[in-house]
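# Structural features, examined
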Amino acid sequence: MAVAPRRGGHRYTAAMTSLFDDASAPATATADAVAAIARHAPIGHFDELRGTATTEATIALTPSWRSFFSATAAALGTTSADALISHFAAQNDSLLRRIADNGVTYNLYSDALDGPPRQARPWSLDLLPLLIDAQQWVQIERGVQQRARLLNAVLSDVYGAQALVREGMLPTALVHGHPAFLRPLCGSRPAQDTWLHVAAFDLARGPDGHWWVMSQRTQAPSGLGYALENRMIVSRLFPDAFRALHVDKLAASYKTLIASLLAHSPGGRDTRIVLLTPGPYNETYFEHVYLARYLGIELVEGGDLVVRDAQVWLKTLHGLEPVHAILRRLDDDFLDPLELRADSALGVPGLVQAWRAGNVVLANAPGTGFLESTAIFGFLPRLCERLLGESLTLPSIASWWCGERSALYTLLPQIADYVIKPTYNDRGRRFVPALGHGLTAREREQWVGRISMRPEDFSAQAYVPLAHNPSWQAAPARGDGGAAAIASRAVMLRVFALSDGPGRWRVLPGGLARLAPPGKDVVSMYRGGSSADAWVTSTEATAVEPRDTRPLSTTLTPLTTQRVGLGVSSRAAENLFWFGRYTERLENATRLARATLEALAGDGMDTPETQRWQRWIGGLARSNGLVSTAVPSPEQAPHLFERALVASLGDADGREGAYSVAAILGALKQSAFAVRERLALEQWTLVAASAERFVSTLRTPADVGPASVHTALAALDQLGVDIMAMTGAQTDRMTRDDGWRLLSIGRHIERLSTLADVLAEALAGGALDSETGFALLLTLFDSTITFRARYLQRRDTEALIDLLVLDRGNPRSLAWVAQTLASRIAKLDDTAIGSTPTLLSAIELPHRWSPDALRHAARSDEPATREALVNQLRDATRNAWALSDALSQRYFSHAEAPAQAVGA
């Protein structure tokens, strides 16, 4: 029976249906124009744009695609195909900018073979979505829900009674011989017998229009974050089409997942949930950050967690806090070096025992990986009848395990008709499926030999020509010099089943569409594939059976109760601390480099006073890493020093023997990357863009030499503006929690150590005897305007000490820096008002110095008195370093923590 669409809670009016009326002249004109320029899928492949397997005569678009193009054209006020194509070209440019601005990346492991990847790969997203009508989706949804129930029941049996193996419904070699079958888990039961909280199924549409399951992911499926980001980007590019097609929303499914974790958790209403990531160099790290931020949970690495007395704890600044549920993105092998892979540095020792004891929920439970084997698919129809008493609703593509002799003898003579895949995924490399019809006779013989030697290692699937989805293709990509066009690319759909409480699963409407590279028939993001948003659409004309529209189970805790605030993890705190230090170090280095180049260009006199400030500024440049220690001092070879300084500015790898501005920018970007989930998007974008802009501005051909001084000064000026924006964001765009306090402490420690050293060496070397040296010092303290306004043209040490050391209203004075530092530490340490934080009890900072003694030393001409002042300033630098070490000891390394216990 036809039912009224559910969108918006009302039936559609006649005025709302005009877009879907195929008789509408504008709609027909637009659709026909698009159909004429959109490429067909290859012969024999299902064409998603036209809704049928391609033949030469296939032209008409599906109703959904007609509505998509008509709604877009109506918003533009035109039916012209040329205008529509121009609009798509502009929208594609906008899409690429959004991906870059949002920092959406997909890293390849090969990037890191010789170390960390220098630059993350931008995420590849197609402009045009995959459209799935409501009637198709009902069948997919039911089939995926059934499969989630089935796989969960299989896991319950395999790690419990093992009746399926005893009855011969699953070969024991395929289960117990699979490396992902975890024997230590036999007899264990997860909370409420839910093994799978997130399962992913890769679907393909055959030439007959039917959907088939090609593969499944049950350990730590990826794509939930990318699917959400794809939706955020594409829906905003086509808002009219999105509304016209009444696309199902995604947000409720993510709320369901969190609510389900709460329902399974032993922590009840006080549950703390974290997302466990392998770290920043994982290929899908972006979506780990994105999901953690979107779900409102803490992003942690294995080193952030510790197990004591079979309970998982998060290491925070103020000690250990309990963790009750872990949404993991770490494969089984790496979870626990005590019981699984002993060389894993990514997991948590004792984690499996804590899960076994029921003290933590792992989503997904360990031991689920063997279900990802292609060989399992051939046994699922009988398993479904045995465990659920139902026929398999959504069929798998025909699959065979070569470990069965009958399957092997059938396969080998017909290998050209199949796709060869690995049975196991433990070979340490990525296995690219071999398409039998694409192999030469010699290659087929080689494959027959390999399979015959180790048949259990291989599985076979029937070859299905993948459906093709329309794909935007800009003119340069076509290679024929023609105009932009709508091309056609092979597509697969990853659908996610999310736990909706014990025994129930909810299917994310749509999922993640993945496209093969142009001209290829194997879908792989790793090998140059792309992604697309997937829209589940409906119109008034759609008549389907009602879908499950029940709200979250009444047993589930509402998402609004998830207000348990986790303390800042020690790893995040350390990265924030260094984020602050590198920000301040970058500002100081930029100011020093700019002031040095300007001074060298403006003072050509060769006098003792000039030599003293040149010796001083050269020493500062070397000690701050702006030039190599091998470079002569500017008073000896000013032009050589200048060239070396400019050459090192853009050197991010230290090839010039220095650790200059570009290298500091790289370190700043790396520390910011490690805490992306805590930074505003604009803040991260600013850091990344500043680094790229600065290096590219100074980049010159190898045979030209370093950039000119003029170019270097322009780059430093722009970077100075960017740094002001960075520091402003840190001050005004971050919550004042302990993480922010450590960021601020890092900045002030760096400022104190640097400025105290600058002033000490200026006094020690007589650099203040010249006008240039005096002005340089004020520039490095960023206090020129204040000094001139307050002291006019005075040039004496007492005035300098008053402004740069004692003035508690000057944010660059040592006393102000030290006082602010002490107040941040007191707040961090929960020190009572008026008391001294324990970290500062043995460290003297400038805000405690005697003003009278300092003014006397400044007025004195006695060498011993002046030397004492210099030593006092040098002590301030050393004390700042000591304070940094003490903070690391207490809050980051937890060196004083008792020994770890992991037993039950």
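For the structure given in this document, a descriptive report is provided here.

### Details of the pattern of salt bridges
Scanning the entire structure with this criterion turns up 45 salt bridges. The shortest N-O distance in the salt bridge between R149 and E390 comes to 3.2 Å. A residue pair is termed long-range when its members are at least 10 positions apart, and R149 in helix 4 (residues 134-158) and E390 in the loop between helix 12 (380-388) and strand 13 (399-401) qualify at 241 residues. Since its relative accessible area comes to 30%, R149 is described here as partly exposed. Assessed through its relative accessible area of 29%, E390 is described here as partly exposed. Across the salt bridge formed by R243 and D240, the nearest N and O atoms sit 3.0 Å from each other. Taken together, the residues R243 and D240, both in helix 8 (residues 239-244) and three residues apart, mark about one turn of the helix. Judged by relative accessible area, D240 falls into the partly exposed class, the value being 32%. A network of salt bridges, in which partner residues are shared, links E584, E587, R591, R747, R751, D782 and R812.

### Observations concerning the sheet that holds strand 10 (residues 319-322)
Taken together, the three strands give an open sheet; going across it, the order is 8-9-10, and neighbouring strands pair in antiparallel fashion. Since the sheet does not close on itself, it has two edges, and those belong to strand 8 (305-308) and strand 10, each with one partner. Neighbour-to-neighbour, the strand axes of the sheet open up by a mean angle of 45 degrees, direction not taken into account.

### Digging into empty space enclosed by the protein
This model, assessed by the stated rule, comprises three cavities of 30 Å³ or more. Put simply, the largest cavity is a space of about 90 Å³. If you trace the largest cavity, you find 13 residues lining it, with V198, P221, L327, R328 and R329 closest to the centre. Among the residues forming the lining of the largest cavity, the class breakdown is nine nonpolar, two polar and two charged. For the second largest cavity, the calculated volume is near 70 Å³. If you go around the second largest cavity, the residues you meet are N588, R591, L592, L620, N624, T754, L755, V758 and L780. Mapped onto the lining of the second largest cavity, the elements with two or more residues apiece are helix 16 (570-602) and helix 22 (738-765). Class assignment of the residues belonging to the lining of the second largest cavity gives a composition of five nonpolar, three polar and one charged.

Thresholds, definitions, all that
- Residues numbered from 1 in each chain as written.
- Predicted model: local features only at pLDDT ≥ 70, side-chain atom pairs only at ≥ 80, totals over all residues.
- Heavy atoms only, no water.
- Salt bridge = Lys/Arg side-chain N within 4 Å of Asp/Glu carboxyl O.
- Helix = DSSP H or I, 4+ residues; strand = E, 2+ residues; numbered from the N terminus.
- Buried < 20%, exposed > 50% of the residue type's maximum accessible area, 1.4 Å probe, protein only.
- Pairing = 2+ DSSP bridges.
- Axes fitted to C-alpha atoms, helices over the stretch in contact; angles between N-to-C directions.
- 1 Å grid on protein atoms, 1.4 Å probe; cavity = no way out; pocket = protein on both sides within 12 Å on 5 of 7 lines; lining within 4 Å.
- Points joined across faces, edges and corners; volume = space filled by probe spheres on them.
- Nonpolar A, V, L, I, M, F, W, Y, C, P; charged D, E, K, R; others polar.

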